[in-house]
Amino acid sequence: MHIDELNELAEQIRTQHQSCQHCVRVCMAASCQSSGADDVLKRLEDAAPEGDQVQVKSVGCMGLCSAGPLVEVRSRGDDQPIMYQHVESQDAEEIMGSLGDSVVQRLECPTSIPFFQRQQKIVLENSGIIDPEDIEDYIAADGYSALVEALTESSPAEVLNEVNLSGLRGRGGGGYPTGLKWSTVAKMPATQKYVICNADEGDPGAFMDRAVLESDPHRILEGMALAAYAVGANRGYIYVRAEYPLAIDRLKKSIRQATRKGLLGANVCDTPFSFDIEVRLGAGAFVCGEETALMQSVEGERGQPRPRPPYPAELGLWGFPTLINNVETYANIAPIVRNGGEWFASIGTERSKGTKVFALAGRIHNTGLIEVPMGVPLREIVEEIGGGVPDGRRFKAVQTGGPSGGCLPAEQMDLPVDYDSLREVGSIMGSGGMIVMDETSSMVDVARYFMEFCMTESCGKCVPCRVGTYQMHELLTKIAAGKGTSADLALLEELCEVVQMTSLCGLGQTAPNPVVSTLQYFRHEYEEKLIRDEFVDMEQQTEEMEAVS
Amino acid sequence: MIQTPTPNVRVVTFKIDDRDFSAREDETIIQVAWENGIRVPSLCYLEGLSVWGACRLCVVEIVGSPRLVSSCSTRVAEGMEIRTDSERLQAYRRMILELLFSERNHVCSVCVSNGHCELQNLAQQCGMDHVRVPYRNKVYQVDSSHDLFRVDHNRCVLCSRCIRVCDEIEGAHTWDSKGRGIDTQVITDLNRPWGESDSCTGCGKCVQVCPTGALVQQGTSVGEMHKDRKFLPYLSRMRDAQ
Ligand SMILES: Cc1cc2nc3c(=O)[nH]c(=O)nc-3n(C[C@H](O)[C@H](O)[C@H](O)COP(=O)(O)O)c2cc1C
Ligand code: SF4
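Note that this is a predicted model, so its numbers are computed, not measured. (Residues numbered from 1 in each chain as written. Chains lettered and ligands numbered in written order. Predicted model: local features only at pLDDT ≥ 70, side-chain atom pairs only at ≥ 80, totals over all residues. Heavy atoms only, no water.)

Comments concerning the domain arrangement of chain A
The parts lose accessible area when they come together, and the size of an interface is often stated as this lost area.
All names here are of chain A.
Working step 1: Under the domain assignment, chain A is made up of domain 1 (19-111), domain 2 (143-345), domain 3 (355-438) and domain 4 (443-528).
Working step 2: Here the C-alpha centroids of domain 1 and domain 3 sit 30 Å apart.
Working step 3: Across the contact, five residues belong to domain 1 and five residues belong to domain 3.
Working step 4: Regarding the contact of domain 1 and domain 3, the summed buried area is about 320 Å², with carbon and sulfur atoms giving 57% of it.
Working step 5: Between the two partners, domain 1 and domain 3, sit zero salt bridges.
Working step 6: Applying the counting rule to domain 1 against domain 3 returns three residue pairs in polar contact (both at pLDDT 80 or more).
Working step 7: The residue inventory of the side of domain 1 that touches domain 3, partitioned by class, reads three nonpolar, two polar and no charged. (Domains from an automatic or database assignment. Contact = heavy atoms within 4.5 Å. Buried area = accessible area lost by both parts, 1.4 Å probe. Salt bridge = Lys/Arg side-chain N within 4 Å of Asp/Glu carboxyl O. Polar contact = N/O pair within 3.5 Å; in protein donor to acceptor, adjacent residues only side chain to side chain. Nonpolar A, V, L, I, M, F, W, Y, C, P; charged D, E, K, R; others polar.)

Written as structure tokens, this is what we have:
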């Protein structure tokens, strides 16, 4: 296929779509499905009039998961769509009846609120708009144009150059420059190379990658194919956790559709470039998201990390150079190649380019998925987009980066959200989980919760993480129960440092972060729980007495 | 993979603890250190087996880098300045040893390996004379079902030497591990008693490489278990020569 043919096909599909008067979109991502979107879709389809006047369509995530099931009505000629929230199946007839002349006011979800207005969508631009199970919908939205154009008109080096120019950094947590990683793999002389998409998403509370996979799976395939072309690979793996059945199903369907259209497989678009993608399932171990453990798991071994270097770029899957990137990283590739690296680099901050998807959760009005430009202040995310803390309670802290991140207090709310600023204040961007806590949360409990997670998810290979997380969890439990002493707290702090500095992989190295950051900002909460240490008190008294005399 | 010598290797010069050294660039820090009498502590590393990098006792500082590296898995490089024995490293190593002692039951005075145990030696070498973290006090089974050998999980430090020697040298792959985190445990075959194992050849290599009293010969009593590893460098040299 040539780019002109693809464009022509896209145009054809768009014309077809335009023939219908009203397009009713029903969010069929996992969250809305779990609150009954299936029935809503069925009833809407039944209630739709015959003919092609009304099209009822299942789409991916619309973002405001807390208000699901969500339904959006877009009528020809109206530039503002109408969004309905908490739709139930018995509302179907009323919605259908209202098409074209009125709005079902009791269900209307105002789209003028900052939650919708302040977002900027690149990764999620098709999410909630196209039917994820229909490749033609993706093509109509300019899908695969970046791939076809690159294959037929640019060299791998030119694709690489755009990614380098874009300043994109890995969205899987580490923030490593994507262009640099690609260049390393591209420079390796091997004849066999692999591309892996890390879709293990194990952080508690994170569902960014799931939404992308469920809402726009073709975008990941296109991003991976562009990566494979740029680095010289011909085989790809998507490592998805088995807990994401809908994502797995849609990925497999998409791979079949794309292969049938000649956009994957042997000699893509009649060029010498061939690329096959296989889906591999992870059995739910958090550590299997770590790149070296992930590769072990793909090879059929026990998912345990190994020391790096050598990095996967040199020594990866079955010993061959391997490029491994996160879902959201790949989701940015097609727009970058389509619009140019400079366009992407114009969004965001000096050292963090583009946008970032966050999963807002916890004590906040609007829980769901948002995408904002890098550098937006935390306050804007929490107070405006998120709608603040409900029930008149006071904001206390926001946790970013999941079990590897930290808790930031109200004083840090004006911080711009980017890789470096977050790291400076003791947290990390992580993969995009953001949990808001109000005054009722105890920071010791929060730290203990994350430590418990790390303890149970530790693979058990290295001593500091295997035994250290266990001991830190014991100490935190003791302190939380009001039985800890100041010696316990000192030991906890010492353990934090040893585990951070000596653990083999990122899990252990970052496991103490929630403790360290809560100690940094909320130390008094730990101290208040300690039992008064008589010996220390006595020592203090003697010192004071000596000072007096 | 890390240790495989490649043709055309260069010789590099670098510093360990302010002394100048030169070595082939495919040698690891621990190899050069040990050859020159610098005793970087380690529990899982064993010359002749693949690098595992798990005990973390061999971590060292590289001047100019904020991160520590395990010296068993890191190759020397031109101009590298390595520090193996700073106060900070000593403190970390003591803590790692304390964690190991707290994890299972390491009461040396009643152990068949008393006096010949690598864990015990390391504790002495590193000056770990007491354990500040609470003991876990978990009781593990002892498997005495094998005619010749015995496995006492209470003494196991999960260094995986038995797994590696059985797989890489003996080629039997009787040993593996089950569970994760603090619940990790070594197993024979598919977690069946060792005596019922179909794959075990009874060669005893695992017993000889085990650093503690976890894998021992039947019939040994307190302090009687001596281990003999001479076979390992010999076998791996002969393999490489092939
Ligand atoms: C314990 C642990 C879990 C991880 N889990 C994930 C994950 O679920 N998804 C992911 O993309 N990266 C995860 N990572 C990061 C990966 O190791 C790797 O850095 C990433 O996939 C690289 O992609 P990027 O450069 O696009 O971010 C994890 C790292 C660690 C240490
Ligand atoms: S840090 Fe934890 S998860 Fe990583 S290798 Fe060590 S034990 Fe396994």
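Looking at the nonpolar core
Working step 1: Membership of the largest hydrophobic core comes to 142 residues, with the highest contact counts inside it found for A:L44 and A:Y144.
Working step 2: Ignoring anything within four residues of it in the chain, the contact list for A:L44 reads A:V24, A:V26, A:V56, A:V71, A:A92, A:I95 and A:M96.
Working step 3: Listed in part, the 70 residues of the second largest apolar core include A:V298, A:A447, A:V499 and B:M95. (Core = buried A, V, L, I, M, F, W, Y, C linked by side-chain atoms within 4.5 Å. Buried < 20%, exposed > 50% of the residue type's maximum accessible area, 1.4 Å probe, protein only.)

As for the interface of chain A and chain B
Working step 1: In this assembly, 32 residues from chain A lie in contact with 34 residues from chain B.
Working step 2: Where chain A abuts chain B, roughly 2,800 Å² becomes buried across the two surfaces, and 62% of that area is made up of carbon and sulfur atoms.
Working step 3: Where chain A touches chain B, the interface holds three salt bridges.
Working step 4: Salt-bridge contacts for A:E494 lead to B:R132; the nearest nitrogen and oxygen are separated by 2.9 Å.
Working step 5: Here chain A is connected to chain B by 16 residue pairs in polar contact (both at pLDDT 80 or more).
Working step 6: Elements with a contribution of two residues or more to the side of chain A that touches chain B: α19 (443-457), α20 (463-480) and α21 (486-502) of chain A.
Working step 7: Residue composition of the side of chain A that touches chain B, by class: 17 nonpolar, nine polar and six charged. (Helix = DSSP H or I, 4+ residues; strand = E, 2+ residues; numbered from the N terminus.)

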